[in-house]
Amino acid sequence: MNYISLDCNKATQFFSPDEFDAALERADKARSVLLKGTGAGNDFIGWVNLPTSYDKEEFARIKEAAKRIRKDSEALVVIGIGGSYLGARAAIEFLRHSFYNEGDNARKIHGAPEIFFVGNQLSGTYMTDLIEALRGKDFSVNVISKSGTTTESSIAFRIFREILETKYGKEGAAKRIYATTDKKKGALKSLSDVQGYETFVVPDDVGGRYSVLTAVGLLPIAVSGVDIDELMSGAAEEMQRLKDTDGKDNEALTYAAMRNVFLDQGKSVELMANYEPGLHYVAEWWKQLFGESEGKDKKGLFPASVDLTTDLHSMGQYIQDGQRIMFETVLCVDEPGSQVEIPEDEEDLDGLNYLAGKTMDFVNKNAMYATVLAHTEGGVPNLIVHMKDTGEKSLGALFYFFEFACGVSGYMLGVNPFDQPGVESYKKNMFALLGKPGYEELGEELRKKL
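Given the structure is predicted, the values throughout are model-derived calculations rather than measurements.

Caption draft 1: Examining the packing of aromatic side chains more closely. Counted by the stated rule, this structure contains 21 aromatic pairs. A centroid spacing of 6.0 Å and a plane angle of 25° characterise the contact between Phe15 and Phe20, whose relative ring orientation is stacked. Through a chain of ring-to-ring contacts, three or more aromatic side chains come together here, namely Trp47, Tyr210, Tyr400, Phe404, Tyr411 and Phe418. Stacked on the ring of Tyr54, the Lys or Arg Lys56 has its end atom at 4.3 Å from the ring centre. A cation over a ring is seen here: Arg176 above Tyr168, with NZ or CZ 4.3 Å from the ring centre.

And the structure:
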């Protein structure tokens, strides 16, 4: 079964068959480079076969740890930044109740603890509010960092480690701290070995933004009650489909080819649009995946996103009539998780009785198609990525679809899709301004520029 499909009908009018055929040929060559492991960054392509080659023993330990956390904790604090939290948050917000953390919904509906994310920014206000939200609750921590020295997550872990040790004692805290880190080395691995934290592995050959289907994403996802066997199964089916299908029938290659056609035409922005609030963090995950993979050497599309129909009442005007610098990729869930029927009203003061008996999804889908038509007529090409439903297999397939397309598209651009050299620039400046030992001279230079 195909859980993902690509509709290009509202995009093909914007380029010639020759343009697309040339791009598809480049995409096919890029796929060959990816699958043979002969391209730049080939030491970070462990994700390509991950849906079937993952560590089965660790996978079983992840499920056991998740059961333990669900049993002894009212909340789980996930500490990580970038790929160390976006995939997990995307999965939980899409697959779980819309108000998962409200009241006792997590426990009542899913038999799981509340899940909070921290270490993805440096706000003292957010930290204070989270500490207050956890007051009086039994909680555990999953700290995710390959090195253990990432500033944002390391500060958060230092704070929550102290809170846990004060609350439960060192031995008790150690039983509630789960570290996902390097297999052999690094500050967090060393601390975990000394303190006795249970550890899970950030694979050496899988970069952070491709790591959602490793322990990085799977432990918090499993804690939420999601069936991670089904998630991996959906990814595995999509992996096989994309490996076995060639040319125009391979929708990931088609997507990568079309992205590059539009970029070659001068469209510099890809706008992901979704019509389900649960997809908001899927778009955030997608933005990191493509932005960090392709934004190098003054190349790459700028990935942006909108939540529709909400943003039609704010950004809609620009999309319709602003600069023609973008194309849209629309995420559509074909079978919604639930249906709400619109009632009839005797007085019909709002004039909506023509919709009585229809579902909200019927209205939502027609709003989507109306917008696609309007934007296309306004000069904005639209691609539609269809997900079969709101289940684990569909999301696992979607994760893999975009990862595969991203690897192919990056090689088409001529960049290394698996490194992130630009991220190091802000870190160096931040260390200097904070006064980190060894950065004092640079710190003085930077302060003169402020």
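Caption draft 2: Highlighting the packing of helix 11 (residues 251–264) against helix 15 (residues 392–413). As a packed pair, helix 11 and helix 15 sit with axes 9 Å apart at the nearest point and diverge in direction by 45°. With respect to helix 15, the element helix 11 is oriented oblique. You can see that helix 11 and helix 15 cross each other, and the crossing is right-handed. Residues Glu251, Ala252, Leu253, Tyr255, Ala256, Ala257, Arg259, Asn260 and Leu263 of helix 11 lie in contact with helix 15, whose contacting residues are Phe401, Phe402, Phe404, Ala405, Val408, Ser409, Met412 and Leu413. Each residue belonging to the contact of helix 11 with helix 15 can be placed in one class, and the counts come to 13 nonpolar, two polar and two charged.

Caption draft 3: The arrangement of the pairing of strand 10 (residues 382–389) in detail. Within strand 10, seven of the eight residues are buried, leaving the element largely enclosed by the surrounding structure. Note: strand 1 (residues 4–7) against strand 10, four bridges, orientation antiparallel. Within the sheet, the bridge partner assigned to Ile4 lies in strand 10 and is Met387. Sheet topology note: the strand 9 (residues 326–335)/strand 10 ladder contains seven bridges and is parallel. Each residue of the ladder has a partner; that of Val330, found in strand 10, is Ile384.

Caption draft 4: Region of the structure containing the sheet that holds strand 6 (residues 198–201). Spatially, five strands are ordered 3-2-4-5-6 in an open sheet, and the strand pairing comes out parallel. Strand pairing shows two members of the sheet lacking a second neighbour, strand 3 (114–118) and strand 6, which therefore form its edges. With direction set aside, neighbouring strand axes in the sheet form an average angle of 20°. Bridging between strand 2 (residues 75–79) and strand 3 involves five bridges; their strand directions are parallel.

Caption draft 5: Quick look at the sheet that holds strand 7 (residues 269–274). With mixed pairing, the five strands of this open sheet are ordered in space as 1-10-9-7-8. Only two strands of the sheet have a single neighbouring strand rather than two, namely strand 1 and strand 8 (302–307). Strand-to-strand twist of the sheet, defined as the mean angle between neighbouring strand axes without regard to direction, takes the value 25°. Sheet topology places strand 7 next to strand 9; six bridges connect them, and they run parallel. Along strand 9, the bridge assignment pairs Ala273 with Val330. Set on the sheet, helix 12 (residues 280–294) makes contact with strand 7, strand 8 and strand 9; between it and strand 8 the angle comes to about 175°. Helix-sheet contacts for helix 15 involve strand 1, strand 7, strand 9 and strand 10, and the interaxial angle to strand 10 is about 145°.

Caption draft 6: How the structure looks around the nonpolar core. Counting 97 residues, the largest nonpolar core has Leu395 and Phe402 as its most contacted members. Per-element tally for this core: the top contributor is helix 15, with 13 residues. In terms of nonpolar packing, the next biggest core, distinct from the first, is built from 21 residues, Ala75, Leu134, Ile177 and Leu188 among them.

Caption draft 7: Molecular detail of empty space enclosed by the protein. Scanning the model with the defined rule gives one cavity of 30 Å³ or more in all. The volume enclosed by the largest cavity comes to roughly 60 Å³. Looking at the lining of the largest cavity, the elements with two or more residues in it are strand 9 and helix 14 (360–377). In terms of residues, the lining of the largest cavity owes the most to one element, helix 14, which gives four residues. Considered class by class, the residues forming the lining of the largest cavity number five nonpolar, one polar and three charged.

Caption draft 8: Seen up close, the layout of surface pockets. What the largest pocket holds in volume is close to 1000 Å³. Glu93, Ser98, Glu276, Pro277 and Gly278 are, among the 35 residues lining the largest pocket, the residues nearest its centre. Among the residues forming the lining of the largest pocket, the class breakdown is 17 nonpolar, 11 polar and seven charged. By volume, the second largest pocket is sized at about 890 Å³. Around the second largest pocket, the lining is made up of 34 residues, and of these Ile81, Thr150, Gly208, Gln420 and Lys427 lie nearest the centre. Ranked by residues supplied to the lining of the second largest pocket, first place goes to helix 16 (residues 423–434) with six residues.

Caption draft 9: Region of the structure containing the pairing of strand 6. By the bridge criterion, four bridges tie strand 5 (residues 177–181) to strand 6 in an arrangement that is parallel. Each bridged residue has a counterpart across the sheet, and for Thr180 the counterpart in strand 6 is Phe200. Handedness of the strand 5-helix 8 (residues 187–195)-strand 6 crossover: right-handed.

Conventions adopted
- Residues numbered from 1 in each chain as written.
- Predicted model: local features only at pLDDT ≥ 70, side-chain atom pairs only at ≥ 80, totals over all residues.
- Heavy atoms only, no water.
- Phe/Tyr/Trp six-rings, centres within 6.5 Å; stacked < 30°, edge-to-face > 60°.
- Lys NZ or Arg CZ within 6 Å of the ring centre and 35° of its normal.
- Axes fitted to C-alpha atoms, helices over the stretch in contact; angles between N-to-C directions.
- Helix = DSSP H or I, 4+ residues; strand = E, 2+ residues; numbered from the N terminus.
- Parallel < 35°, antiparallel > 145°, perpendicular 65-115°, else oblique.
- Left-handed = near helix turned anticlockwise from the far one by under 90°.
- Contact = heavy atoms within 4.5 Å.
- Nonpolar A, V, L, I, M, F, W, Y, C, P; charged D, E, K, R; others polar.
- Buried < 20%, exposed > 50% of the residue type's maximum accessible area, 1.4 Å probe, protein only.
- Pairing = 2+ DSSP bridges.
- Core = buried A, V, L, I, M, F, W, Y, C linked by side-chain atoms within 4.5 Å.
- 1 Å grid on protein atoms, 1.4 Å probe; cavity = no way out; pocket = protein on both sides within 12 Å on 5 of 7 lines; lining within 4 Å.
- Points joined across faces, edges and corners; volume = space filled by probe spheres on them.
- Right-handed = clockwise from strand over helix to strand, strands pointing away.

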